[in-house]
Amino acid sequence: MATGAEQLYEEILRRNPGEPEFHQAAREVLESLGPVLAERPELVEARIVERICEPERQIIFRVPWQDDAGRVQVNRGFRVEYNSALGPYKGGLRFHPSVNLGIVKFLGFEQIFKNALTGLGIGGGKGGSDFDPRGRSDAEVMRFCQAFMTELHRHLGEHTDVPAGDIGVGGREIGYLFGQYRRITNRWEGGVLTGKGLGWGGSPVRTEATGYGNVLFTAEMLRARGEDLHGQQVVVSGSGNVALYSIEKALALGANVLTCSDSSGYVVDEKGIDLDLLKQVKEVERARVDVYAERRGSSARFVADGQVWDVPADVALPSATQNELDADAALTLVRNGVKAVSEGANMPTTPEAVRVFQEAGVAFGPGKAANAGGVATSALEMRQNAGREPLGFAQVEAELAGIMRDIHTTCAASAEHYGCPGDYVTGANLAGFNRVADAMLAQGLI
Ligand code: NDP
Ligand code: 2IT
């Protein structure tokens, strides 16, 4: 790390105690910045990096709600409005018991650069709650979402801050949140949330977009090496939104997908994952992955301890959560001949594991670039809402494909420019950073 960046990192540690995920995300970006700061002293002078690391606004609030037994429950809500130099704050909401300020800040920080890479005029933000939707009835989830929005609504707006889904927040939750926003504000403001239902302002392909986009990014990385996905063996972690639609697109491009997982363990299916069955188990029944193995018959095995990374594969798509792929897992994948790893999740690969892949010459797609298809399609949803002009599935899918190709080209060109060809981590960080830094510089001391 450059000397100035090292000092800034020390300062971040001191001023943001107890937030290891945020420290990790900040460090990764700071480590890449050397070449750009050497090339652009005006950014150092204007203290752009110091400003980018500090959120514009952080909101923490109480969420009181009543469960089905009539008991009062109290959760904590968060929204970190990180950077609006390029557009309204944009980023998902995560409902998971592990959510705390540090996790929301890491996600919001990543989102700034990811959103910049899309080129679609969106700033960075993230939010959520330590509410655990698992095991809760629809009525409980609705009451929680209504209570959460009762406070959050005052901070949102189609030109201000536009949330969407993330872990634990899908179409059901967005519906309840939108209903409460509309009821409180008395406005039909479609562009205030993305991931809406198709009949009331949602965009085709938003559900599929993150997974599809990640596989398209993987295909671009392979294409740059003269290969494609056809016939490749793929391991996927997770079995939520990103995992399911990564599997769908990988299958469509002729790959064979061997695994999926959730926090209870993983499934390996020698015949390849049966996506219809997996969707039935996970999306319709909201059950665990062992139910898939039980119903699938002899080709599938549920493994309660261990990770999908133990299964030999050509391509790995971590699509569950942060820090789920460590250096030992990376070494196992490399030993088994992995060629490409692409992050469907946010920061799923530990810094040590990223180094293992890069040193082994594995094509590595960082989440900021590889999973940007989700938020990019959210921006297309905002555009359709603003223009009151819905698009069809094929049109949006074609736009998404173009956006993912552009992001790949941008990252590859940036890596090349800064003297590290093929290093998509540095390429993504510096291309995203430059766009945000240019806007901040032009807009004065903000
Ligand atoms: P979902 O809630 O739909 O699915 C999450 C999946 O990850 C589930 O299988 C879940 O298992 C597993 N998981 C979550 N937390 C943990 C944990 N602590 N340990 C083990 N497994 C875990 O979320 P998404 O698919 O939407 O999100 C997955 C990742 O993709 C996240 O990192 C998210 O930030 C990122 N992402 C999502 C985008 C989107 O558009 N949805 C866009 C870009 C990135 P279980 O049910 O057992 O908890
Ligand atoms: O991490 C992410 O990019 C998301 N969860 C999607 C954000 C969005 O606003 O669509």
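Our subject is the structure listed above.
Summarised in this report is the structure supplied together with it. Model, not experiment: these values are computed from the prediction. (Residues numbered from 1 in each chain as written. Chains lettered and ligands numbered in written order. Predicted model: local features only at pLDDT ≥ 70, side-chain atom pairs only at ≥ 80, totals over all residues. Heavy atoms only, no water.)

**Examining the overall build of the protein chain**
Moving on, step 1. A count of helices and strands for the protein chain gives 18 helices and 13 strands.
Moving on, step 2. Computed over C-alpha atoms, the radius of gyration of the protein chain comes to 21 Å, within 12% of the 22 Å expected from 2.2 N^0.38 for 446 residues, which places it in the range of a compact globule.
Moving on, step 3. With respect to the three principal axes, the spread of C-alpha positions in the protein chain is 65 × 55 × 45 Å.
Moving on, step 4. When the 446 residues of the protein chain are sorted by exposure, 58% land in the buried category.
Moving on, step 5. Of the contacts formed within the protein chain by residues at least 6 apart in sequence, a portion of 72% connects residues at least 24 apart.
Moving on, step 6. If you sum the accessible surface of the protein chain, you get close to 17,600 Å²; carbon and sulfur atoms cover 48% of it.
Moving on, step 7. Averaged over its 45 positive side-chain charges, the protein chain has a centre that lies 5 Å from the centre of its 58 negative ones. (Helix = DSSP H or I, 4+ residues; strand = E, 2+ residues; numbered from the N terminus. Rg over C-alpha atoms; globule rule 2.2 N^0.38 Å. Buried < 20%, exposed > 50% of the residue type's maximum accessible area, 1.4 Å probe, protein only. Contact = heavy atoms within 4.5 Å. Areas by Shrake-Rupley, 256 points an atom, 1.4 Å probe, with all protein chains shown as cover. Lys, Arg positive; Asp, Glu negative; His and termini not counted. Charge placed at Lys NZ, Arg CZ, Asp CG, Glu CD.)

**So, the site of ligand 2**
Moving on, step 1. Neighbouring residues of ligand 2: 14 residues in total, closest Lys90, Gln111, Lys114, Lys126 and Ser378.
Moving on, step 2. Take lysine 114: an N or O atom from its side chain is 2.8 Å from an oxygen atom of ligand 2.
Moving on, step 3. Contacts to ligand 2 include arginine 206, whose side-chain N or O atom sits 2.9 Å from an oxygen atom.
Moving on, step 4. Alone, ligand 2 offers 300 Å² of accessible surface; in the complex the protein occludes 94% of this.
Moving on, step 5. Looking at the shell around ligand 2, the elements that each hand over two or more residues are β3 (89-95), α6 (101-118) and α16 (372-387).
Moving on, step 6. Here the residues of the shell around ligand 2 are counted per class, giving two nonpolar, seven polar and five charged. (Near = heavy atom within 4 Å. Polar contact = N/O pair within 3.5 Å; in protein donor to acceptor, adjacent residues only side chain to side chain. Nonpolar A, V, L, I, M, F, W, Y, C, P; charged D, E, K, R; others polar.)

**Some thoughts on the site of ligand 1**
Moving on, step 1. Neighbouring ligand 1 are 25 residues; Asp166, Thr210, Ser263, Arg288 and Asn346 lie closest to it.
Moving on, step 2. Contact distances for ligand 1 include 2.9 Å between an oxygen atom and a backbone N or O atom of glycine 168.
Moving on, step 3. A distance of 2.8 Å separates an oxygen atom of ligand 1 from a polar side-chain atom of asparagine 346.
Moving on, step 4. The residue makeup of the shell around ligand 1, split by class, is four nonpolar, 14 polar and seven charged.

**Regarding the packing of helix α2 (residues 20-32) against α6**
Moving on, step 1. Close contact between α2 and α6 brings their axes to 7 Å; oriented N to C, the two are set at 25°. Classed by the angle they form, the pair α2 and α6 counts as roughly parallel. Residues Glu21, Phe22, Ala25, Ala26, Glu28 and Val29 of α2 touch α6, and the partners they reach there are Gly102, Ile103, Lys105, Phe106, Phe109, Glu110 and Phe113.
Moving on, step 2. Here the contact of α2 with α6 is composed, by residue class, of eight nonpolar, one polar and four charged. (Axes fitted to C-alpha atoms, helices over the stretch in contact; angles between N-to-C directions. Parallel < 35°, antiparallel > 145°, perpendicular 65-115°, else oblique.)

**Structural notes on the pairing of β3**
Moving on, step 1. The element β3 is largely enclosed, with a buried count of seven among its seven residues.
Moving on, step 2. Judged from the five bridges that link them, β3 and strand β4 (residues 123-129) form a sheet pairing that is parallel. In the strand pairing of β4, leucine 93 is matched with glycine 127.
Moving on, step 3. Traced from β3 through α6 to β4, the parallel crossover comes out right-handed. (Pairing = 2+ DSSP bridges. Right-handed = clockwise from strand over helix to strand, strands pointing away.)

**Considering the pattern of salt bridges**
Moving on, step 1. Taken as a whole, this structure holds 31 salt bridges when the rule is applied.
Moving on, step 2. The partner of arginine 94 in a salt bridge is aspartate 166, with the nearest N and O atoms 2.7 Å apart. Of this pair, arginine 94 sits in strand β3 while aspartate 166 sits in the loop between β5 (161-164) and α8 (171-185), and the two are 72 residues apart along the sequence.
Moving on, step 3. What makes arginine 94 buried here is its relative accessible area of 3%.
Moving on, step 4. In this structure, the salt-bridge partner of glutamate 397 is lysine 249, at a minimum N-O distance of 3.0 Å. Here glutamate 397, found in helix α17 (residues 393-417), pairs with lysine 249, found in helix α10 (residues 241-252); they are 148 residues apart in sequence, far enough to count as distant.
Moving on, step 5. Taking relative accessible area as the criterion, glutamate 397 reaches 23% and is therefore assigned partly exposed.
Moving on, step 6. Assessed through its relative accessible area of 13%, lysine 249 is described here as buried.
Moving on, step 7. Members of the salt-bridge network, linked through shared partners, are Glu28, Glu110 and Lys368. (Salt bridge = Lys/Arg side-chain N within 4 Å of Asp/Glu carboxyl O.)

**So, the packing of helix α9 (residues 206-223) against α16**
Helix-helix packing is described using two parameters, namely the angle between the two axes and the distance between the axes.
Moving on, step 1. At a minimum axis distance of 7 Å, the contact between α9 and α16 shows a crossing angle of 145°. Of the two possible hands of crossing, α9 and α16 adopt the one that is right-handed. Contacts between α9 and α16 pair Arg206, Ala209 and Thr210 from the former with Gly373, Gly374, Val375, Thr377, Ser378 and Glu381 from the latter.
Moving on, step 2. Considering only residue class, the contact of α9 with α16 consists of two nonpolar, five polar and two charged. (Left-handed = near helix turned anticlockwise from the far one by under 90°.)

**Looking at the sheet that holds strand β2 (residues 72-83)**
Moving on, step 1. With mixed pairing, five strands are arranged side by side in an open sheet as β1-β2-β4-β3-β5. Since the sheet does not close on itself, it has two edges, and those belong to β1 (57-66) and β5, each with one partner. Averaged over neighbouring strand pairs, the angle between their axes works out to 20° when direction is ignored.
Moving on, step 2. In this sheet, β2 lies alongside β1 in antiparallel orientation, the contact comprising 10 bridges. Each residue of the ladder has a partner; that of arginine 57, found in β2, is glutamate 81.

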